[in-house]
Each structure stands twice: as structure tokens, then as C-alpha cells.
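Spelled out, the chains give:
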Amino acid sequence: MTSWCLAGQRLSTAVRIGFFAVSRQSACTRAQTSYTASYTRPFTVCGPESPALALSRNTAPKSKQNALPKKAAQDSFFAPDNVTFESLRLSPAVVEALHHAGFIQPSTVQELAMPVLSAGTDAVLAAETGSGKTICYLVPVIAQLLQLKQNHDVSPSIRSDREGIITPGALVLCPNAALCNQVKLVADSLTDNDGKPLLETAHVSNSTPPPFTVPDIVVTTPASLINITEASHYGPEWTKGGILARMHHVVLDEADLLLSGGFERDVSRILDGMKQSDRERKAQCLSQELGIPLEAFQALPKHVKAAAYEGGVKAMLDVGYDRPAAQPQAPEDDILQPSISGRGSIPEDRQFERQYVFVAATLPSEGKKSIANDLRRMFPELVWLAGNRLHQGLSTVTWAWQETTQETWKTALQGALSARAQPRGQSERILVFAETVAAANGVANALDEVGTHALLYHKSVSAADRAAALRTMSK
């Protein structure tokens, strides 16, 4: 694959343009390290000291859930032939759905991360674009939700407002509607033998309100989620309490964007609410296990509570806590949110550890206020996963640079694309990146002049035309 960059002075039209020919195979490498936890699957981790990420670094990790990484020699898109989705311990139904969707062999990133995410571990997944990250996080989430349904015999049609049962779900946050639609399309492509999606997924936004039937996977933007939960007419499952009670899995896709810039405030608000809910739920579970009111647990010394959050009742006893005799508690009557008054117990379907997954193609780690450092502070137990090619040029790409001016960029672009089209004909896909909407339109006009039709994809293009462009490019 060849990548060209035309660079020139920033003028009134598109003089800074990057484009490359799309290949179906890209480079991704593995770093393998054994990991031992409450389950037996080995998996690959990336050292947390610099998640941007130097895999050969021998710095001891701060997080006890990480292990020292080793640099792998393989530099290919697919995992070795002996690695299959079956060998990643996915259920037969999920493996069959992957095969129906055309996924036969895992990518190296999927081999790296699927066992970790399938165990419910909080993780950062940082890998280059095109490495298979969307399937990488969707499949473990879907597998876990299917297992929960099977374990509790919960039908997708049973909802909390009718039967008093909270159906576990997953929340995927994306920076824009286009990515939300792409995630939904991937989730819907995983079907059973009848062609029905394994789980119900809904893209929810201000223009696409929540469906009457509560979906298993909600895909939305941070602003849309806040607007919907603050509305009062979508039902109890779509309130803040309902979302906090239902969502066992929270994924931030394009986490580097969501945790910075204009998204940062809304995302921080959402994550703070999730973490506060986690603390309240865990406190109530611990007080319930100890047989004491929640107020009594909250009044314990800080070091005792810290031990409790870290290691449960056993850790409390290890730091000198004197456990009282158990006291009976009244049943909880709130079907959506655990009580924080200390008067009730948490039903079994609300005793869960929420999983957080942060997915990105880039993850800046330099500086005290870097996204990576912020994540470490918020989620100190995160496991960091990455391919060797993160933040590096792909070995399968040949780079060619050409300096242009306002007068020469158009001819240079037309010539480069014409040269690419000759050997492979119409089957080749070429992406052209422009800095602005006006620049993209200028590129399209320049290509039209030499008889090359370009599909436009930017905010001024209608949603239907953008969808049609994606379908055309994927053929």
C-alpha cells in the first residue's frame, strides 16, 4: 500500500491533502505476556508506564493487574493460523455469528484483547485504525450479556417496568452519529442461524429517540445520552438511575477524542456518575454482607473503607476491623436503583462489577495532563493493551511526499491518482483526506475535471448520502 502526502502553504483551497490506497491487510503486532487472575486465560498486555506505547520497555508496571510485556516478532494483520475464535474461548453461538459475518480468522489485536475483555476486565485498547477494534470489544460484551441472560433465564422481552427485572445492557459512547451508526451495523451483523442479531442494538440520539423496547446495547454520543436521561417522558429505564442500574459494560470508542476538547465535560459527568454509582453499590453490598446499616459502614475509618473497596470484608478484617453480629435488613423496593439509605439489600441482578473499556487509535501520554495519565488516575486498575504499530508508520505502507503550491497541488493530485488507477483499474479504493469541507469539495471538483468520480463524506453531506458512500466503499 502506498501513501502520498501533498504538502503546501495553507491557502484558500485544498493544498494540504493526504490520500492513500486502501488495502484489506494492515500491519499489527503482538506483545505477549502471561496474566493470572481469577480465570486461567493468558493474555497480552502493554506496559502502563507509557501507554503510547513502548512494548520493549522493562519498567515495572504500577498497576497490579498488568505484567511485563515482551515484544513480538510477528508483523501481520492476522493472528497465527493456530489461533481461532474458538481458541479464544468464545461460545459456539458467538463464533458461528462471527463466521456468518465473514470473520473467520482473528486479527492480532483481537487475539490480544478478546480474552481480557471477555473476563470483564477494565481495559484500554489502543491500536491502529483498521486493526479490528470494534469487533474486538463488541464480541466480548455480547458474549457476556448472552451468558447473563442464559444464567438468569432472562428473556429480552422482560423489562424492569413490567416484571421487576433489570435486563443487563451495554453502553457505547462515540463522538459522532456516523461512528454510532457504524458500531450498530457491526453489532447487527452478528446474527444467529435465522439471520436475527444476537442482541438488540439501538443508536439513540436527539433525532432518534429511545425505542419502546429497551435494547441490550445502546450506542450514542455523550450529549445525546445526557439530554435523553434528563428528559422525563422516555420511561424509567432511560433516566439516570435506569442507565446506572442497567449498564454492566461502558465502552468509550475514540476515547482520545471523548476525553478531550468539547466532549470532555459531558464525558466526565457521565463517568463520574458511573463511578459514584459503583461506589454506592459496592458500599451497600459490603454493608449487606456485614449485616450493618449503610450509615454505619460509611462512618467507618477511612483506612477500613479503603481496605473494603480494595479487598472486601477479608481485607477489612486484616486491617483490624471488628465485625459485629449480623443484623436483619428489610427488602429493597426500588426496582431501578440500589438504595443509598442503608435500609435495604441489593437484589442479585444488581450485584455486578461494571466493566469500563477505552478504545482509541491514538493515545497521547506525554505531559502531566495527558489522556493516558488521566485514565490512570480515574481507573488505576486498568489493563493496557496495544499493538506494536501504535503511533508508528505501517511497514506495509510506502510513503511518498511531494511539496506543492496553490498553483500545482491540483495537477499533482490528479497525476498521483491517475498513476495509482492504471495498474489495478476500478477495483482499488482510494481515500483522500482534506482539511475542511471546502477543501474536500475542491478535491472532488479537481477529480471530476479528469473524469474521476469522488464520493464526498463530510458534515454538509446528507446522512443518506454518507451511508451510501460507505456502502459503496465497502463493496
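Residues numbered from 1 in each chain as written. Predicted model: local features only at pLDDT ≥ 70, side-chain atom pairs only at ≥ 80, totals over all residues. Heavy atoms only, no water.

K.L.:
Would you mind going over the side chain of Ser277 in detail, with residue names and values included?
P.N.:
Tracing the backbone shows Ser277 in helix H9 (residues 264-290). Residue contacts for Ser277: discarding those within four places in its chain leaves Leu244 and Arg354. (Helix = DSSP H or I, 4+ residues; strand = E, 2+ residues; numbered from the N terminus. Contact = heavy atoms within 4.5 Å.)

K.L.:
Can you explain the confidence of the model for the protein chain? Please cite residues and give values.
P.N.:
Reading fine detail from the predicted coordinates is not recommended where pLDDT is low. Model confidence for the protein chain is summarised by a mean pLDDT of 76, while 72% of its residues fall at 70 or above. Considering only residues more than four positions removed or in separate chains, one finds that residues 7-73, a stretch of pLDDT under 50, has 212 contacts. (pLDDT = per-residue confidence, 0-100.)

K.L.:
Can you explain the sheet that holds strand S4 (residues 169-173)? Please cite residues and give values.
P.N.:
Spatial ordering of the open sheet is given by S5-S6-S4-S7-S8-S3-S9, a layout of seven strands whose pairing is parallel. Every other strand in the sheet has two partners, leaving strand S5 (201-203) and strand S9 (383-386) as the edge strands with one partner each. Here the average twist between neighbouring strands, direction ignored, is 15°. Note: strand S7 (residues 247-253) against strand S8 (residues 355-360), five bridges, orientation parallel. Among the inter-strand pairings, Asp253 is bridged to a residue of S8, identified as Val359. Where H9 meets the sheet, its contacts fall on S4, S7 and S8, and the angle it forms with S8 comes to roughly 155°. (Pairing = 2+ DSSP bridges. Axes fitted to C-alpha atoms, helices over the stretch in contact; angles between N-to-C directions.)

K.L.:
Could you give me a rundown of helix H1 (residues 92-100), with the residues and numbers involved?
P.N.:
Looking at H1, one finds that the buried residues are Val94, Val95, Ala97 and Leu98. On an axial view of H1, the arc spanned by its buried residues comes to 160°, and they lie on one face. Gly102 occupies a position one or two residues after H1 and carries a positive phi of about 95°. (Buried < 20%, exposed > 50% of the residue type's maximum accessible area, 1.4 Å probe, protein only. Arc of directions from axis to C-beta.)

K.L.:
I'd like a description of the pairing of S8, backed by residues and values.
P.N.:
For S8, the buried fraction is high: six of the six residues fall into the buried class. Of the two faces of S8, the one lined by Gln355, Val357 and Val359 and the one lined by Tyr356, Phe358 and Ala360 are each fully buried. The pairing of strand S3 (residues 123-126) with S8 spans four bridges and is classified as parallel. Bridging from a neighbouring strand, Val124 pairs with Phe358 of S8.

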